[in-house]
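# Overview (structure and organization)
Chain by chain, the residues run as shown.
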Amino acid sequence: MTEWIALEEQLYLRVAKRVPRVLVRGEGCRVWDDQGRRYLDFVGGWAVDALGHCPPPVVQALHEQAQRLIQVSNQFYTIPQLELARMLVEHSPCDRVFFANSGAEANEAAVKLARKWGKRHRHGAYAVISTLGGFHGRTLAMVAATGKPQYQEPYTPLPAGFVNVAWNDIEAIKRATTDDTVAVLLEPIQGEAGVNVPDEGYLRAVRAWCDEQNLLLILDEVQTGVGRCGRLWGHQLFGVEPDIMTLAKGLGGGVPIGAVLAKERAAAFEPGDHGSTFGGNPLACAAALAVLREVLARDLPAQVERMGQYFSARLRELQARWPEIVEVRGRGLLVAIEFDQELAQRVLEAALERGLLVNAVKPTALRFMPPLIVTETEIDEAVGILDAALAAARTGARPSS
Ligand SMILES: *Cc1c(COP(=O)(O)O)cnc(C)c1O
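Below is a summary of the structure that appears in this document. (Residues numbered from 1 in each chain as written. Predicted model: local features only at pLDDT ≥ 70, side-chain atom pairs only at ≥ 80, totals over all residues. Heavy atoms only, no water.)

### A short note on the pattern of salt bridges
- Using the criterion set out here, one finds 27 salt bridges in the structure.
- Because the salt bridges share partners, they merge into one network encompassing Arg21, Asp33, Arg37 and Glu353. (Salt bridge = Lys/Arg side-chain N within 4 Å of Asp/Glu carboxyl O.)

What follows is the structure, given as structure tokens:
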């Protein structure tokens, strides 16, 4: 293991602090490292591994598709892509699809679509309002949309036309709206900011404002989509529909794919306006089709709702035992606990020692994004490990490596 870690230090551009484990295998909600140690995975590839690790339906779909056709240019029609488009449109409020390879790329395409629409329908309006703490990806334009100064400052000047306003504050959106505004871009629940669920009524108020002002509402469902929050789409929790929505993370069940979905009224692209070499290639689409079929056939959103309630209830029991936990929040299987102090890294390390992977989304919060197929037994095991990890972390006793 240490040799691999040394190699990374020598070879990589340093963009991420990693957890010192080399993972070599996965199955369901478990992964194994190169020392043969087993972990319960409540990071789930950052809400990507919707069906768990190496889910048989995805493995089989990849295997079959890889033997048939892996990639052709998007000048041609391919059946997995068309079938996936049909399935997404049938099961969403949107009418048209564009395929990309990641969340950031999907959001870029969504903003380009909104700008094109603004040229046609809103006197050339181009500016996008997004929220502080929101996360939309790491390309230059999405860094401008992502309201996090630490992600923006190293890269100025950023592309113009993005305004970041307070989250969960409809008046802030109203104040920021000008003749140049074309769209509001939001996550239904802020994920990377620490799982921030908006107040009841916020998204409905934003929707009403967009309708009144003739703005597009772009919902970034990269993290909240595909069942994660106990509905197929996060926006269903809040009784609103987007004009444009973006997907990635869970859609491919671990295979890179992103998608932009748009209602007919927002579908302003014309041939030549946008494109992608790999976006929607048959292999990725076969994986996403297998994921969506499984999510729908097993009604995983309903199961996620039940398991999410169970998990949150168990975390509230922990909260009753440990006064350091000041809040349990989230929806479905996108959940966080907030501490009254910077405990997240210590709890992460203590949990790691005991065989549980978690995400320290902030110095004061842990985020949990287990596969959508997680069971009660696995949740119990995770909560048991967290309990022990909290006991270890709060005494300040550092586990031996
Ligand atoms: C992860 C994430 C992105 C970025 O996705 P990438 O695939 O890493 O580009 C965008 N928006 C949200 C809400 C995300 O959680």
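### Some thoughts on helix H10 (residues 282-297)
- With 16 residues, H10 extends 22 Å from end C-alpha to end C-alpha; this agrees with the ideal 22 Å at 1.5 Å per step.
- Summarising burial for H10: 12 of the 16 residues are buried, a large majority.
- Those residues of H10 that sit buried are Pro282, Ala284, Cys285, Ala286, Ala287, Ala288, Leu289, Ala290, Val291, Leu292, Glu294 and Val295.
- The residue sitting at the N-terminus of H10 and contributing the capping side-chain oxygen is Asn281; that oxygen lies 3.0 Å from the backbone nitrogen of Leu283.
- Downstream of H10 by a residue or two, Asp299 has a phi angle that is positive, lying close to 45°. (Helix = DSSP H or I, 4+ residues; strand = E, 2+ residues; numbered from the N terminus. Expected span 1.5 Å × (residues − 1). Buried < 20%, exposed > 50% of the residue type's maximum accessible area, 1.4 Å probe, protein only. Polar contact = N/O pair within 3.5 Å; in protein donor to acceptor, adjacent residues only side chain to side chain.)

### Structural notes on the pairing of strand S2 (residues 30-33)
- Neither face of S2 is open: one carries Arg30 and Trp32, the other Val31 and Asp33, and all of them are buried.
- Between strand S1 (residues 23-27) and S2, which pair antiparallel and follow one another directly, the connecting turn spans two residues, one of which, Gly28, has a positive phi of 60°.
- Across three bridges, S2 lies against strand S3 (residues 38-41) in antiparallel orientation. Paired with Val31 across the bridge in S3 is Tyr39.
- Adjacent in sequence and paired antiparallel, S2 and S3 are bridged by four residues, among which Gly36 carries a positive phi angle near 85°. (Pairing = 2+ DSSP bridges.)

### Thoughts on the sheet that holds strand S11 (residues 325-331)
- A sheet is described by the order of its strands in space; here four strands give the open sequence S11-S12-S15-S14, paired in antiparallel fashion. Across the chains shown, the open sheet's two edge strands, defined by having one partner strand only, are S11 and strand S14 (359-362). Between one strand axis and the next, the sheet turns by 25° as a mean value, whatever way the strands run.
- Examined bridge by bridge, strand S12 (residues 334-339) and strand S15 (residues 365-368) share four bridges and lie antiparallel to one another. Bridge pairing in S15 links Ile337 to Leu366.
- Packed onto the sheet, helix H11 (residues 300-321) meets S11, S12 and S15 and runs at close to 175° relative to S11. (Axes fitted to C-alpha atoms, helices over the stretch in contact; angles between N-to-C directions. Contact = heavy atoms within 4.5 Å.)

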